[in-house]
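Fold and contact review
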Amino acid sequence: MKPVKTLLSEQDMPKQWYNIQADLPTPLAPPYHPATMQIVTPEQMNVIFPMSLIEQEMSDKRWWEIPDEVLQILALWRPTPLQRAYNLEKALGTPAKIYFKNESVSPAGSHKPNTSVPQAYYNKKEGIKRIATETGAGQWGSAMSLATNMFGIECTVYMVRVSYDQKPYRKSMINTWGAEIFASPSTQTESGRKILAEDPDSPGSLGLAISEAVEDAAGRADTNYALGSVLNHVCMHQTIIGEEALRQFKAIGEKPDVVIGCIGGGSNFAGIAFPFLREKMAGMDVRVLAIEPASCPTVTKGVYAYDYGDMAHMAPIVMMHTLGHTFMPPSIHAGGLRYHGMAPTVSRVVEDGLVEARAITQLECFESGVLFARTEGIIPAPESTHAIRGAVEEALIAKEEGKEKTILFNLSGHGHFDMSSYDAYFAGKLHNYRYPQELVDEALKHLPKVG
Ligand SMILES: *Cc1c(COP(=O)(O)O)cnc(C)c1O
């Protein structure tokens, strides 16, 4: 039998996170305060974030120790397997080897607990009793409620209305882990009530749900806010994925030629890619590829500019690829990829030419996702089908060129709560949609003028 999984022992689990800010060819531009339009100070961020996370956010220290209490919880499902997709390779008739890092094995079903656990830990340590957060497709709300429950703090989740209706069992999961949840826009906050007054049937957006959660957290001293993607410390917590993968490739004496991840806010991609980018900057011959949906083409069609992180101008203004914070995305099924911005670190490495970006339409993604389910057995999250499609395209290029190639992609999560999306796909109800340039141009008129 050929080995399918490369496992690491708990003892060999990485004990440090990697901070790419230490090695960026161009340093990050500073974030600005949405009200004062001045550079944000750590004290201002402390209204909604604990000091230890702010320190991680703003530091260029290369390695950060993972606290033992955090490792102890991560070890419930980590290290995750590195798997070889033999059956997928065979179905494609490709000479390429396809490996994937299986982040779907976490209790919440995605990579997101890699950061919700440390975020809950640091908040608890600094005396915080409650977390307010948003969730798009429901993965982050699940991950945060799992983590807050483990550390004995409360959690309130604002879930984008369209996903709340599409994925009712995410709500059940969040309730099971002891958190409360509201569909966003909600009547709980000023930001939510304002949108509901304009449009009672608003499907909501991630930008709006963020506004609700930030408003909630800013209004209560015992409550902090937590974000599941985009921020530097979130991307750093995810690097445990790539650090494990480096160790696993070393164990089998191989090296990937291309590393692939899907990008919504950029965190799972950062997680698998940043450790390989460090090696690339040190001379490793490896391509790094980010895949986004054509319906929300933040990197390939947006601009690299300062923009608000949310609709209501409550989150900091950051330098990133953006479609404009007024972006109301179409109700596509890869809900976790519907964000107008991109992680500043991911945007930076794209700008510096270290990472290629590609936009793919959803029918191609679902086609490859279904092929993956039928060959490898795992039903992928709609978000993850973008990474799978990227890997399939690379494998088909290898076939055309008759060349061997080793491909690694991150399977960011499973799709067990997203079956309505698969139903829609099988019923022929999904259509390809490319976000029009005119709408991008219109939204870009509203960018803040700072920096
Ligand atoms: C949230 C999510 C994503 C997108 O978020 P990133 O920050 O870009 O990783 C991708 N896949 C899954 C399964 C998710 O839950």
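As the structure is a computational prediction, the values presented were derived from the model and not from experiment.

Quick look at helix H17 (residues 384-401)
With 18 residues, H17 should cover 26 Å at 1.5 Å per step; its first-to-last C-alpha distance of 26 Å lies within 8% of that length. Of all the positions in H17, only Ser-384, Thr-385, His-386, Ala-387, Ile-388, Arg-389, Gly-390, Ala-391, Val-392, Glu-394, Ala-395 and Ala-398 are classed as buried. Remark: Gly-402 follows H17 within two positions and exhibits a positive phi of approximately 60°.

Overview of the UniProt feature "modified residue: N6-(pyridoxal phosphate)lysine" (unreviewed entry) in the chain
As annotated by UniProt and renumbered to match this structure, "modified residue: N6-(pyridoxal phosphate)lysine" (unreviewed entry) occupies Lys-112. Along the chain, the position of Lys-112 falls in the loop between strand S5 (97-102) and helix H5 (113-125). For Lys-112, a relative accessible area of 15% translates into the label buried. Residues in contact with Lys-112, not counting those within four places in the same chain, are Gln-139, Trp-140, Ala-143, Gly-228 and Gln-238.

Points about the pairing of S5
Two faces, one strand: in a regular strand the side chains alternate between the faces of the sheet. Judged by how many residues are buried, S5 sits mostly within the fold: five of six residues are covered. Of the pairings in the sheet, the one linking strand S4 (residues 82-84) to S5 comprises three bridges and is antiparallel in character. The residue of S5 that forms the bridge with Gln-83 is Phe-100. Bridging between S5 and strand S15 (residues 406-411) involves six bridges; their strand directions are parallel. Its bridge partner being in S15, Phe-100 is matched across the sheet by Phe-409.

Some remarks on the environment of Ala-251
As for its placement among the helices and strands, Ala-251 is situated in helix H12 (residues 240-251). Taking the relative accessible area as the measure of exposure, Ala-251 reaches 60% and is therefore exposed. Along the sequence, Ala-251 and Leu-439 sit 188 residues apart, while their C-alpha atoms lie 48 Å from each other.

Some words on the pairing of strand S6 (residues 130-135)
The buried fraction of S6 is high, at six of six residues. Taking every second residue as pointing to the same face, both faces of S6 are buried, with Arg-130, Ala-132 and Glu-134 on one and Ile-131, Thr-133 and Thr-135 on the other. Read as a crossover between parallel neighbours, the route from S6 over helix H6 (residues 139-150) to strand S7 (residues 154-160) is right-handed.

Observations regarding the site of the ligand
For the ligand, the set of nearby residues contains 19 residues, the closest of which are Lys-112, Ser-229, Gly-264, Ser-267 and Asn-268. Gly-265 places a polar main-chain atom, nitrogen or oxygen, 3.0 Å from an oxygen atom of the ligand. Between the ligand and Ser-267 there is a distance of 2.7 Å, counted from an oxygen atom to a side-chain nitrogen or oxygen. Relative to its unbound accessible area of 380 Å², the ligand is 97% covered by the protein chains.

So, the nonpolar core
Core analysis: the largest hydrophobic core is formed by 37 residues, its most contacted members being Trp-17, Val-70, Leu-74, Val-117 and Met-144. Secondary structure elements with two or more residues in this core: helix H3 (68-74), H5, H6, S7, helix H8 (168-176) and strand S8 (180-184). At five residues, the largest contribution of residues to this core is made by H6. One finds Tyr-18, Val-286, Val-350 and Leu-354 within the second-largest nonpolar core, a separate group that totals 31 residues.

Conventions and cut-offs
- Residues numbered from 1 in each chain as written.
- Predicted model: local features only at pLDDT ≥ 70, side-chain atom pairs only at ≥ 80, totals over all residues.
- Heavy atoms only, no water.
- Helix = DSSP H or I, 4+ residues; strand = E, 2+ residues; numbered from the N terminus.
- Expected span 1.5 Å × (residues − 1).
- Buried < 20%, exposed > 50% of the residue type's maximum accessible area, 1.4 Å probe, protein only.
- UniProt positions renumbered as here; feature names shortened; annotations may be inferred.
- Contact = heavy atoms within 4.5 Å.
- Pairing = 2+ DSSP bridges.
- Right-handed = clockwise from strand over helix to strand, strands pointing away.
- Near = heavy atom within 4 Å.
- Polar contact = N/O pair within 3.5 Å; in protein donor to acceptor, adjacent residues only side chain to side chain.
- Areas by Shrake-Rupley, 256 points an atom, 1.4 Å probe, with all protein chains shown as cover.
- Core = buried A, V, L, I, M, F, W, Y, C linked by side-chain atoms within 4.5 Å.

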